[in-house]
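Commentary on secondary and tertiary structure
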Amino acid sequence: MRLSTLLVLPLSLTLCAQTAPKSKASSKAKAAPVKANPEAQAARQTLESVLNAINNTWFGQAYRDINAVDMEGNVSIQVSAASINTKVDQLSQGQLKGGVTKNGKATLHVKSTYFANADFKTEATGSFGSVLWTRVGNRGFLYSQAQNAYTTRVDPAPSDVPLSYLGWFRSMLNDIKAVYVDGPVFKASFGKEESAGGRALQTLVFNAPTSAYDAKKREQSLAESLGFWKRGRLEIQIDKATRLPHRMNFTNIGQGIRTQMDFTYDAKGLPLSINITNHSKGMEGPGYVRVGYSNGLMNNVSGELSGQEKKVGFNLNLAWAKGRKTSSIRSVPPPTASKRSSEDLEIALLTGLAQNILELQRSGLNLRSVSLSGK
């Protein structure tokens, strides 16, 4: 999914005029252009150099001729028995006792092939049911095994798709650049400079205030969920020599997100791990992301985010391919499946997803549901 397809935040501009005595000279005078803040401009340019360093060091030429990747692995959510019993007691105002002795767990197995040009095939099976979602060119379908139904209405691929993952990763970083470097929403500035381990570090600050956190809000739009990074406060500490991130703090008060990430690298500057200190609502606790490589290419991405009574983990193996044909992922729905409108199938799938998420919420996992409208 391209980040550039997510929510675009509007900016309201207020124009003010001053009253002055009219004269021939003043009527012809032109208003002086507003000068850009030199510090903000320098901070944005520095972040652009960071994005370029990430592209060249983490991705770059190693992915030049690669046009497809196979991904397979598992995602799991665990909730403790104590958390389940506590939530039952809260919901019933003490009238019921859960008596649960086993931890709750939801698992999902994912197998996917994704092309740089946005053609894909994804199979997902687990606690939320089984689905097959695919698109090649302008044709594809979404099939639900539980509903034994499918829809052939799928979103078309972007018009400016890259041909290789060299371009794909660059496009992702360009989406970030469009918001933080080129966009008007965030105010940019420099933070403190310091030294650590013989390295000179510089902090960049980008701030776009959010609304206050509403603990009673349990539903929000898909765009709001996926676009959380488009508002908030980002403090990114970079190595002044390599321009690679050393530490990142991100806060979005309205979404209840407050997270710190610390990066470690190998001798070539490839990221080996990201250690997470999470203070986000309902998921306070440590976490990590680990990256494995083979011949300079990522071959495994795994991670975990743990709270006192809950844990979310994932482990995905990656296999890259050159010159892969999209014909390798062409498929059709089972002949016994019924065709339904995309709206009907979407509502059925989202209703089932909402019910499962609601059960997890009742079990103590503080997630906000995605609204059924998907808008």
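Quick note: structure is the one above.
Reading guide: rules and limits
Residues numbered from 1 in each chain as written. Predicted model: local features only at pLDDT ≥ 70, side-chain atom pairs only at ≥ 80, totals over all residues. Heavy atoms only, no water. Core = buried A, V, L, I, M, F, W, Y, C linked by side-chain atoms within 4.5 Å. Buried < 20%, exposed > 50% of the residue type's maximum accessible area, 1.4 Å probe, protein only. Helix = DSSP H or I, 4+ residues; strand = E, 2+ residues; numbered from the N terminus. Contact = heavy atoms within 4.5 Å. Phe/Tyr/Trp six-rings, centres within 6.5 Å; stacked < 30°, edge-to-face > 60°. Expected span 1.5 Å × (residues − 1). Polar contact = N/O pair within 3.5 Å; in protein donor to acceptor, adjacent residues only side chain to side chain. Salt bridge = Lys/Arg side-chain N within 4 Å of Asp/Glu carboxyl O. Pairing = 2+ DSSP bridges.

Most often, soluble globular proteins have nonpolar side chains that are buried together. Counting residues in hydrophobic clusters, the biggest one holds 47 residues, and the most contacted among them are Tyr63, Tyr165, Phe169, Tyr180, Phe206, Met298 and Trp320. The element contributing the most residues to this core is helix α2 (residues 38-59), with nine residues. Excluding anything up to four places from it in sequence, Tyr165 contacts Tyr63, Ile66, Asn67, Ala68, Val69, Tyr114, Phe115, Ala116 and Trp320.

Attention now moves to the packing of aromatic side chains. As enumerated under the stated definition, the model contains 19 aromatic pairs in all. When the ring of Phe228 is compared with that of Phe250, the centres are 6.0 Å apart and the planes differ by 75 degrees; the resulting orientation is edge-to-face. Remark: Phe250 occurs in strand β11 (residues 245-252) and Phe228 occurs in the loop between α5 (222-226) and β10 (232-239); sequence separation between them is 22 residues. For Phe228, a relative accessible area of 31% corresponds to the partly exposed category. Given the relative accessible area of 9%, Phe250 is considered buried.

Helix length check: α2, at 22 residues, gives a terminal C-alpha distance of 31 Å against a target of 32 Å (1.5 Å per residue), a fit within 8%. If you check which residues of α2 are buried, you get Ala40, Ala43, Arg44, Thr46, Leu47, Val50, Leu51, Ala53, Ile54, Asn55, Trp58 and Phe59. Looking at where α2 begins, the residue whose side-chain oxygen comes 2.9 Å from the main-chain nitrogen of Glu39 is Asn37. Two residues or fewer after α2 comes Gly60, characterised by a positive phi angle close to 60 degrees.

What follows concerns the pattern of salt bridges. Under the counting rule described, the total for this entry stands at seven salt bridges. We note a salt bridge from Asp70 to Arg324, for which the minimum N-O separation is 3.2 Å. With a gap of 254 residues between them, Asp70 in strand β1 (residues 66-79) and Arg324 in the loop between β16 (310-322) and β17 (338-339) connect regions that are remote in the sequence. Looking at Arg324, the relative accessible area reads 25%, which means it is partly exposed. The partner of Lys177 in a salt bridge is Asp182, and the shortest N-O contact between them spans 2.8 Å.

Where burial is concerned, most of strand β15 (residues 297-306) is hidden: seven out of the ten residues are buried. Bridge count for strand β14 (residues 285-294) against β15 is eight bridges, and the pairing is antiparallel. Residue pairing across strands places Gly292 opposite Asn300, the latter belonging to β15. Turn length for the β14-β15 hairpin, with the two strands adjacent in sequence and antiparallel, is two residues, and the turn residue Asn295 shows positive phi of about 55 degrees. Judged from the seven bridges that link them, β15 and β16 form a sheet pairing that is antiparallel. Among the inter-strand pairings, Glu304 is bridged to a residue of β16, identified as Gly313.

Don't take any of this as a statement about function, it's just geometry.
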